[in-house]
Amino acid sequence: MRLQLSEEDEAFRAELRTFFTTEVDEGVRATVRDRGELTKDQIVATHRTLNAAGLAVPHWPVEWGGKDWSPLRRHLWHEEMQRACVPPPLAFNASMIGPVIAAFGTQEQKERFLPPTANVDIFWSQGFSEPGAGSDLASLRTAAVRDGDDWIVNGQKTWTTLGQWGDWIFTLVRTNPDVKKQAGISMLLIDMRSPGVEVRPIELIDGGHEVNEVWFTDVRVPGENLVGEVDSGWTQAKFLLGNERVGVAPVGATKRVLAQAKEWAAATRSGDGTLLDDPHVAVRIAELENELMALELTALRVVANSADGKPHPASSVLKLRGTELQQAVSELVVDLAGPGALAFGTGEADSDLPVWARRSTPTYLNLRKASIYGGSNEVQRQIIAGTILGL
Amino acid sequence: MDFELDEEQQALREAARSLLSKRYADFETRRGTVADAPGFDRDTWSRMAEMGLLGLPFTEGDGGMGAGPVEVAVVAEEVGRVIAPEPFLTSVVLAGGLVAATGTAEQRAELLGGLASGESLVALAHAEPGARWTSTAAGVRAEQGDGGWRLTGVKEPVPQGAEADVLVVSAALPEGGTGLFTIAGDADGVTRNGYRAPDGSRAARVALDGAVATPLGEAGQDQATAIAAAYDGARVAAAQQAVGAMQVALETTAGYLNSREQFGVPLKRFQALTFRAADLYVAVELARSLALWAAMVHADPDTSAEERTTAATRAWAQASKAGRLVGQEAIQLHGGIGMTAEYSVGSYTAHLTTLDHLLGDARHHLARLAATVGDHAEVDPLG
Ligand SMILES: Cc1cc2nc3c(=O)[nH]c(=O)nc-3n(C[C@H](O)[C@H](O)[C@H](O)COP(=O)(O)OP(=O)(O)OC[C@H]3O[C@@H](n4cnc5c(N)ncnc54)[C@H](O)[C@@H]3O)c2cc1C
């Protein structure tokens, strides 16, 4: 056991910190700091800045731009990025489809897709969920039927995050209706500009339009866009979802918001002092800080143990607790905002209330999603109970 | 002690339910209504006036119905059940309640008469940027000159601040204390920037720049106690409004667990989910008990001001805590659909959150209660 980082790791961290705080656009970082919404251009530009420096896909195979870092270094990379308010590389590209193509794709697919995926020349969307297939993903019905070398796809996906910006969508489709449901699924890559693809926005409770329905009507997809064997899609889906879980607990970002929350509390009058002097507020912050520290240490334990790229089963702990704490901190911030939390739709109009207060309720409402997507927290408990505890 | 509504109160509930639940039977109608200015339905507001709901708590002499806190709570529950966007709580109960408590006979007749008939919308401009649920004003100052009183400073957020015909404004008095004034919404020196609150209701920043104001009640008098009492009255009604909202969010959630299928079975087959729904039921019933009790305490002429404050604080602390739980769980148990604007439970959650920050969250009120735990050996609802 060892408490301190080695000198090399310390230097590595310092270097990253300098890069993130000096090379990434200040406007983008300010938007993240203010909890604003990033534009597509901001997401893409940041991702490319990272990629140019070899910092977008360090966890990929070296051949495709990976760095062969230790799990600890990967963790430091992720944490430093969040601490510096740098939006992490687009998850659909960097953590989801990229690693799947690298692991399961043909040489041709790797050459064709991996470089533009690493650089977001292709903006990927995730087309897994359907209206009838959420937690029970394997019951999906969007069908792909062979027509010569091609596939003809019909059906509907839903909850497609940022689908309005997507160039391509990686999907799970039913290629065999006659076998056990997990055994008849394949993974297809679909160009979203193909005829027959329609994207319709869904409005969420925070007023935003980050998710969409994606409809497929007789969409022709070339056979070469199938990833892995026909009917083997469930294997790739599980691989992808395991990675999604590891990346989805944003400890670094939650820590940063909590640190900001203390500044906001200290700047808010309450009684004779500030909210930070209020013992109720202070106890709540202390509790959150401790819980976050326990989670970060757990993350460090888990990353140190994830062998040969496979997520440690305890990654469910990270997803479960990570999203709960992310939500708890957003709830703290709405409470710090107090009546200021009402000033939501100020738009261009003047408001004397600080930006963080005005954004606090939409952010709180929006983050209710964190315990739903990426394998809901109930599903994580199921995994812990079943896989880990053998119940 | 008797928690049953009498016949008249039941009739009131039926009438309010029939009007509001008919108008907002379809959730899409509410969505459409809050999307457009003024954020509520003028026609429904008029019908509420005709039914006597807008003058419910005011004396007949002031143009009202002379009903009490229990009747107000009954209506508030119906408002909550459909999260009706009409500003019953903020304009009638809160702003109207303060006018009723502090206005001169003439002011009451004029302001409450106009409010009760639905002809004039009254809003309370009390909250100030940087202040939290206090009963005093500091950011808006009152000065007396040749032309009478003038107010300067910023009020925000002011519920219905941009739509109101009359603003009831609190202000720091030159001699100390917090006074109350009325200002016409469109008066000179008043700048209003309206916006949507998270639940679709409307609020505003109201900037006053030497706006000419009329003292409400006796000029120069400190009204902090009356402001606190009006907020307490609003908390009692809001507790019942929240109970109405929670009840429907819970029913909707239970309905969803019954019908939504995953893994080839309805979600209700997963005990992990049904137990959570059961916990929500427990939370709603406990909140309902305290809310009803607080309304009775407020309706009883023999209770002291202190008892009324404590009752309001207890009821709202419980409703706030339960509302947080029910709102969060209603979304979670629905999964993705609960996050959408088109489906109702997310809006119920947004409304409960908005009420929380309008009136003070559970922790704020528990802190107030914590300061008094040394004053009594045990708590006794029967006094
Ligand atoms: C904002 C947002 C963005 C998303 N982005 C994407 C995306 O980009 N691409 C994509 O493919 N999908 C996306 N999703 C979909 C997400 O993965 C699903 O919402 C999730 O899998 C849950 O499915 P569901 O919404 O159908 O809920 P359901 O599966 O119907 O679940 C409803 C409730 O029941 C619980 N439940 C279900 N089964 C069980 C069980 N067996 N035991 C106990 N509890 C259970 C759930 O946890 C939940 O609380 C997104 C969702 C949201 C909300």
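Conventions and cut-offs
- Residues numbered from 1 in each chain as written.
- Chains lettered and ligands numbered in written order.
- Predicted model: local features only at pLDDT ≥ 70, side-chain atom pairs only at ≥ 80, totals over all residues.
- Heavy atoms only, no water.
- Helix = DSSP H or I, 4+ residues; strand = E, 2+ residues; numbered from the N terminus.
- Rg over C-alpha atoms; globule rule 2.2 N^0.38 Å.
- Buried < 20%, exposed > 50% of the residue type's maximum accessible area, 1.4 Å probe, protein only.
- Contact = heavy atoms within 4.5 Å.
- Areas by Shrake-Rupley, 256 points an atom, 1.4 Å probe, with all protein chains shown as cover.
- Buried area = accessible area lost by both parts, 1.4 Å probe.
- Salt bridge = Lys/Arg side-chain N within 4 Å of Asp/Glu carboxyl O.
- Polar contact = N/O pair within 3.5 Å; in protein donor to acceptor, adjacent residues only side chain to side chain.
- Expected span 1.5 Å × (residues − 1).
- Patch = residues over 30% accessible without salt bridge, like charges linked within 9 Å, V, L, I, M, F, W, Y side chains within 5 Å.
- Lys, Arg positive; Asp, Glu negative; His and termini not counted.
- Charge placed at Lys NZ, Arg CZ, Asp CG, Glu CD.
- Near = heavy atom within 4 Å.
- Nonpolar A, V, L, I, M, F, W, Y, C, P; charged D, E, K, R; others polar.
- Phe/Tyr/Trp six-rings, centres within 6.5 Å; stacked < 30°, edge-to-face > 60°.
- Lys NZ or Arg CZ within 6 Å of the ring centre and 35° of its normal.
- Axes fitted to C-alpha atoms, helices over the stretch in contact; angles between N-to-C directions.
- Parallel < 35°, antiparallel > 145°, perpendicular 65-115°, else oblique.
- Pairing = 2+ DSSP bridges.
- Core = buried A, V, L, I, M, F, W, Y, C linked by side-chain atoms within 4.5 Å.

(A) Region of the structure containing the overall build of chain A. Within chain A, the regular secondary structure consists of 13 helices and 10 strands. Here chain A has a C-alpha radius of gyration of 22 Å; the compact-globule value for 391 residues is 21 Å, and the two agree. By its C-alpha atoms, chain A is 75 × 50 × 45 Å across when sized along the principal axes. Going through the 391 residues of chain A one by one, you find that 54% of them count as buried. A sequence separation of at least 24 residues applies to 71% of the contacts in chain A between residues at least 6 apart.

(B) Broad picture of the overall build of chain B. Helix and strand counts for chain B stand at 11 helices and nine strands. Counting every position in chain B, which comprises 383 residues, the buried fraction comes to 58%. For chain B, restricting intrachain contacts to residue pairs at least 6 apart in sequence, the fraction spanning at least 24 positions comes to 73%. In the form shown here, chain B has an accessible surface area of approximately 15,200 Å², with 49% of it arising from carbon and sulfur atoms.

(C) The interface of chain A and chain B, seen in detail. Counting residues at the interface gives 47 residues for chain A, matched by 44 residues for chain B. When the two sides are added together, the surface that chain A and chain B hide from each other amounts to roughly 4,000 Å², 60% of it contributed by carbon and sulfur. Its largest share of buried area at the contact with chain B, chain A owes to Ile205, Pro339 and Leu342 of chain A, together 18% of the area lost on that side. On inspection of chain A and its partner chain B, the count reaches five salt bridges. In this assembly, chain A and chain B are joined by 25 residue pairs in polar contact (both at pLDDT 80 or more). The biggest single contributor to the side of chain A that touches chain B is helix α10 (residues 315-337) of chain A, with five residues.

(D) View of helix α10 (residues 344-359) of chain B. All names here are of chain B. The end-to-end C-alpha distance of α10, which contains 16 residues, comes to 23 Å, matching closely the 22 Å that a straight helix rising 1.5 Å per residue would cover. For α10, the tally of buried residues reaches 16 of 16 residues, placing the bulk of the element in the interior. Just downstream of α10, Gly360 is the residue with a positive phi angle, here 105 degrees.

(E) Fine view of helix α8 (residues 251-266) of chain A. For α8 of chain A, with 16 residues, the first-to-last C-alpha span of 23 Å sits near the 22 Å given by 1.5 Å per residue. Here α8 of chain A has its buried residues at Val251, Gly252, Ala253, Thr254, Arg256, Val257, Leu258, Gln260, Ala261, Trp264 and Ala265 of chain A.

(F) Just a negative patch on the surface, in detail. Residue and element names in this part refer to chain B. On the surface, Asp300, Asp302, Glu306, Glu307 and Asp375 cluster together to form a negatively charged patch. Of note, Asp300 is situated in the loop between α8 (271-299) and α9 (305-334). The exposure class assigned to Asp300 is partly exposed, which follows from its relative accessible area of 31%.

(G) How the structure looks around the side chain of Ser351 of chain A. Summarising the element assignment, Ser351 of chain A is placed in the loop between α10 and α11 (355-358). A polar contact of 3.1 Å, which involves the side chain of Ser351 of chain A, links it to the backbone nitrogen of Leu353 of chain A. Reaching out from Ser351 of chain A, the side chain makes a polar contact with the side chain of Glu156 of chain B at a distance of 2.5 Å.

(H) Looking closely at the site of the ligand. Close to the ligand lie 30 residues; Trp159, Thr161, Ser376 and Glu378 of chain A together with Gln332 of chain B are nearest. Each of chains A and B places residues near the ligand. Taking Gln332 of chain B, its main chain carries an N or O atom lying 2.6 Å from an oxygen atom of the ligand. At the level of secondary structure, the elements contributing two or more residues to the shell around the ligand comprise α13 (377-388) of chain A together with α9 of chain B. By residue number, the principal contributor to the shell around the ligand is α9 of chain B, which donates three residues. Partitioning the shell around the ligand into residue classes produces 12 nonpolar, 14 polar and four charged.

(I) Up close: the packing of aromatic side chains. Residues and elements named next belong to chain A. Here the structure, examined in full by the defined rule, presents 15 aromatic pairs over all chains. On the numbers, 6.1 Å between centres and 55 degrees between planes, the contact of Trp124 with Phe170 is tilted. Residue Trp124 is found in strand β1 (residues 124-127), and its partner Phe170 is found in strand β4 (residues 168-174); the two are separated by 46 residues along the sequence. Across the pair, exposure class does not vary: Trp124 and Phe170 are buried alike. Between Arg200 and the ring centre of Trp215, over which it is positioned, the NZ or CZ distance is 4.3 Å.

(J) How the structure looks around a nonpolar patch on the surface. Among the surface-exposed residues, Ile388, Leu389 and Leu391 of chain A lie close enough to one another that they form a single nonpolar patch of about 340 Å² accessible area. Structurally, Leu389 of chain A can be placed in the segment after α13.

(K) Inspection of the pattern of salt bridges at higher detail. Residues and elements named next belong to chain A. Tallied over the full model, the rule gives 38 salt bridges over all chains. Between Arg112 and Glu224 there is a salt bridge whose closest N-O contact spans 3.9 Å. With Arg112 in helix α6 (residues 107-118) and Glu224 in the loop between β7 (211-221) and β8 (226-227), the pair connects residues that are 112 residues apart, well separated along the chain. For Arg220, the salt bridge is made with Asp147, and the minimal N-O distance between the two is 2.7 Å. Taken together, the positions of Arg220 in strand β7 and Asp147 in strand β2 (residues 143-147) put the pair 73 residues apart, joining distant regions of the chain. Under the relative-accessibility criterion, Arg220 is labelled partly exposed at 44%. Among the ionic contacts, a cluster of salt bridges with common partners joins Glu10, Arg13, Arg17, Glu80 and Arg83.

(L) A look at the packing of helix α1 (residues 7-23) of chain B against helix α3 (residues 42-50) of chain B. Residues and elements named next belong to chain B. Contact pair α1 / α3: the axes reach a minimum separation of 11 Å and the direction vectors enclose 175 degrees. Relative to α3, α1 is oriented roughly antiparallel. Across from Leu19, Leu20 and Arg23 in α1, the residues of α3 making contact are Thr44, Arg47 and Met48. Its residues assigned to classes, the contact of α1 with α3 shows three nonpolar, one polar and two charged.

(M) Fine view of the pairing of strand β3 (residues 150-157) of chain A. Residue and element names in this part refer to chain A. The buried fraction of β3 amounts to six of the eight residues, a majority that puts the element mostly inside the structure. In sequence, β2 turns back onto β3 through a hairpin of two residues, with Gly148 there showing a positive phi of about 65 degrees. In this sheet, β7 lies alongside β3 in antiparallel orientation, the contact comprising six bridges. Across the sheet, the residue bridging to Lys157 is Val214, located in β7.

(N) Just the nonpolar core, in detail. Of all hydrophobic cores here, the largest spans 91 residues; its most connected members are Phe88 and Met246 of chain B. Leaving out residues up to four positions away in the same chain, Phe88 of chain B has contacts with Trp45, Met48, Leu53, Val72, Val75, Ala76, Val79 and Val93 of chain B. Counting 54 residues, the second largest nonpolar core, distinct from the first, contains Val57, Leu76, Phe123 and Trp234 of chain A.

(O) Spotlight on the pairing of strand β7 (residues 202-215) of chain B. Residues and elements named next belong to chain B. Here β7 lies mainly inside the structure; 11 of its 14 residues are buried. Two elements, strand β3 (residues 148-159) and β7, share nine bridges in a ladder whose sense is antiparallel. By the bridge assignment for β7, Trp149 is matched with Ala213. Relative to β7, strand β5 (residues 178-184) is paired through two bridges, and the arrangement is antiparallel. In the sheet register, Thr182 faces β7, and the bridge partner there is Thr214.

(P) Expanded view of the environment of Trp293 of chain B. All names here are of chain B. Looking at the element boundaries, Trp293 is found in helix α8. According to the relative accessible area criterion, Trp293 is buried, its value standing at 13%. Taking C-alpha positions, Trp293 is 9.4 Å from Met1, a pair spaced 292 residues apart along the chain. The residues contacting Trp293, other than those within four sequence positions of it, are Met1, Phe3, Ala311, Arg314 and Pro381.

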